[in-house]
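Structural overview
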Amino acid sequence: MIKYALVTGGSRGIGRAISLKMAEMGFAVLVNYNSNKAEATKTVEAINEKGGTAEALQFNVSSKEEINTKLGRWIEANKDKVIEVLVNNAGIRKDNLLMMMPEEEWHSVLQTNLDSFYYITKLVIPGMMFQRNGRIINVVSLSGIKGLPGQTNYSASKAGVIGATKALAQEIGRKGITVNAVAPGFIKTDMTEGIDEKQFRAIIPMQRFGEAEEVAETVAFLASKGASYITGEVINVNGGLYT
Ligand code: NAP
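Positions within a chain are numbered from 1, following the residues in the order the chain's sequence is written. Local features in this predicted model are restricted to residues of pLDDT 70 or higher, and side-chain atom pairs are both shown and tallied only at a pLDDT of 80 or more, whereas totals for entire chains, interfaces and linings draw on every residue. Remark: hydrogens and water are excluded; side-chain values derive from all non-hydrogen atoms of the structure.

Turning our eyes to something else, we now look at the site of the ligand. Residues in contact with the ligand amount to 32 residues; listed here are only the nearest, Ser11, Asn60, Asn89, Tyr154 and Thr189. Nitrogen and oxygen atoms within 3.5 Å of one another constitute a polar contact, given that in protein one can donate a hydrogen and the other can accept it, and given that sequence-neighbouring residues count only through two side-chain atoms. Within the contact set of the ligand, an oxygen atom lies 2.8 Å away from a backbone nitrogen or oxygen of Ser35. Between Asn89 and the ligand, the recorded distance is 2.6 Å, taken from a backbone N or O atom to an oxygen atom. A 1.4 Å probe and the Shrake-Rupley method give the accessible areas. Residues count as covered only by the protein chains that appear here. In the complex, 94% of the free accessible area of the ligand, which totals 900 Å², lies under the protein chains. Only DSSP runs of H or I covering at least 4 residues are called helices, and only runs of E covering at least 2 are called strands; the numbering of each starts at the N terminus. Elements with a minimum of two residues in the shell around the ligand: helix 1 (13-24), strand 2 (28-33) and helix 6 (152-172). Classifying every residue of the shell around the ligand by side-chain character gives 13 nonpolar, 16 polar and three charged. For this description, a residue counts as near a given molecule or strand if any of its non-hydrogen atoms is within 4 Å of it. Here the nonpolar group is Ala, Val, Leu, Ile, Met, Phe, Trp, Tyr, Cys and Pro; Asp, Glu, Lys and Arg are the charged ones; every other residue, Gly included, is treated as polar.

Using only the protein atoms, space was sampled on a 1 Å grid; points where a 1.4 Å probe fits but cannot get out form cavities, open sets with protein on both sides within 12 Å along at least five of seven lines form pockets, and lining residues are those with an atom within 4 Å of a point. Grid points are joined across faces, edges and corners, and a volume is the space filled by probe spheres set on the points. Scanning the model with the defined rule gives one cavity of 30 Å³ or more in all. Taken as a whole, the largest cavity spans an internal volume of roughly 90 Å³. Split by residue class, the lining of the largest cavity holds seven nonpolar, six polar and one charged.

This brings us to the layout of surface pockets. To find leftover empty space, a probe the size of one water molecule is rolled over the atoms. Here the largest pocket defines a volume of roughly 1,100 Å³. Forming the walls of the largest pocket are 47 residues, and the residues nearest its centre are Gly91, Ile92, Arg93, Tyr154 and Met191. Of all the secondary-structure elements, those providing two or more residues to the lining of the largest pocket are helix 1, strand 2, helix 4 (103-131), helix 5 (142-146) and helix 6. Here the lining of the largest pocket is built from residues that sort into 20 nonpolar, 21 polar and six charged. One number sums up the size of the second largest pocket: a volume of about 300 Å³. Taken together, 15 residues line the second largest pocket, and the ones lying closest to its centre are Ile75, Asn78, Lys81, Val82 and Gly127. Elements represented by at least two residues in the lining of the second largest pocket include exactly helix 3 (64-77), strand 4 (81-88) and helix 4.

Moving on to the sheet that holds strand 6 (residues 177-184). For two strands to be treated as a pair, DSSP must find no fewer than two bridges joining them. If you walk across this open sheet you meet the seven strands as 3-2-1-4-5-6-7, and the pairing is parallel. The sheet terminates laterally at strand 3 (54-58) and strand 7 (234-237), the two strands that pair on one side only. Going from strand to strand, the sheet's axes swing by 25 degrees on average, the running direction of each strand aside. In the sheet, strand 2 pairs with strand 3 via five bridges, with the strands oriented parallel. Note that in strand 3 the partner of Val29 across the bridge is Ala54. Angles shown run from 0 to 180 degrees and are taken between the N-to-C directions of axes, each axis being a line fitted to C-alpha atoms and, for helices, limited to the stretch in contact.

Nonpolar side chains (Val, Leu, Ile, Met, Phe, Trp, Tyr) are joined into patches within 5 Å and like charges within 9 Å, using only residues with over 30% relative accessible area and no salt bridge. In what follows, salt bridge is the name for a side-chain nitrogen of Lys or Arg lying within 4 Å of a carboxyl oxygen of Asp or Glu. Side chains of Leu97, Met99 and Met100 sit close together on the surface and give an oily, nonpolar patch of about 410 Å² of accessible area. Relative to the helices and strands, Met100 resides in the loop between strand 4 and helix 4. Judged by relative accessible area, which is 57%, Met100 ranks as exposed. Think of it in three bands: with a 1.4 Å probe and only protein chains considered, a residue is buried below 20% of the maximum accessible area for its type, exposed above 50%, and partly exposed in between.

Attention shifts here to the side chain of Ser19. Within the fold, Ser19 resides in helix 1. Throughout, a residue-residue contact means that at least one pair of heavy atoms, one from each residue, lies within 4.5 Å. Excluding residues within four positions of it along the chain, Ser19 makes contact with Val7, Gly10, Val29, Val31, Thr43 and Ile47.

Another point: helix 3. A helix is expected to span 1.5 Å for every residue after the first. Between its first and last C-alpha atoms helix 3 spans 19 Å; for 14 residues at 1.5 Å apiece the expected length is 20 Å, and the two agree. The complete set of buried residues in helix 3 reads Ile67, Leu71, Gly72 and Trp74. The inward-facing, buried residues of helix 3 abut strand 1 (2-7), strand 2, strand 3, strand 4 and helix 4.

Structurally, the position occupied by Ser62 is in the loop between strand 3 and helix 3. With 29 residues separating them in the primary sequence, Ser62 and Gly91 have C-alpha atoms 9.4 Å apart. With residues near it in sequence (within four places) discarded, Ser62 still touches Gln111 and Thr112. Side-chain polar atoms of Ser62 contact the side chain of Asn60, separated by 2.8 Å.

Written out as structure tokens, the structure reads:
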């Protein structure tokens, strides 16, 4: 059985760093992306150049149809491969004050960040149960723990995934599957482009934004043998920024 790590939103940012790290750990990597094929190809090539195995798989995580057809088809067609690590990383933000927020901004963020967890995880779990082994790691956010103004949609989506992480961990622990979350603070990616790092230095004890690789290291730990007795946890990677 070839062991795979599926990283949603693996084309850029934190997901790319996680994909590279998973490859370093010896997993073949399924690099999911939505529209940015060029960046997904870059991630796949970077893994191949280092002697790893990777393939890009396009599906929109906010679409249950695309998940069920495209990811479902991949699972059906690859019975010799098993997804041992699932990293639910793809996410978007559409910030607005609740009073001004159109329904589209509420629903699209919830669909992309929270509903995706349900549809993707449900497809991947049966293979893990069969192997009696698996790691599910959800990339959430400080915003889902603390709540951030202008992010009611985003905070709700990430808090929802945190609740689901804790509940699912208790459902499938006896099957040898762990479920954890990693909650980044401010990380330098396309998502935080335009946010002035200098403005936030004063409130971040480490006085800087984090690197995608610093999040990937934590995800890698949770995917490693060393984390075999950790489940239902949320690990903050935020430079000490809690309140
Ligand atoms: P990013 O640089 O904007 O990258 C987003 C990634 O998600 C891209 O690979 C993108 O694919 C993918 N994606 C977005 N919508 C998708 C969809 N509908 N279907 C499939 N893939 C989709 O974001 P990031 O900063 O790396 O964030 C990664 C995760 O960390 C997100 O869940 C985010 O909420 C969380 N997070 C980030 C920060 C931060 O400061 N950066 C802080 C806390 C939490 P394409 O390339 O195809 O567009």
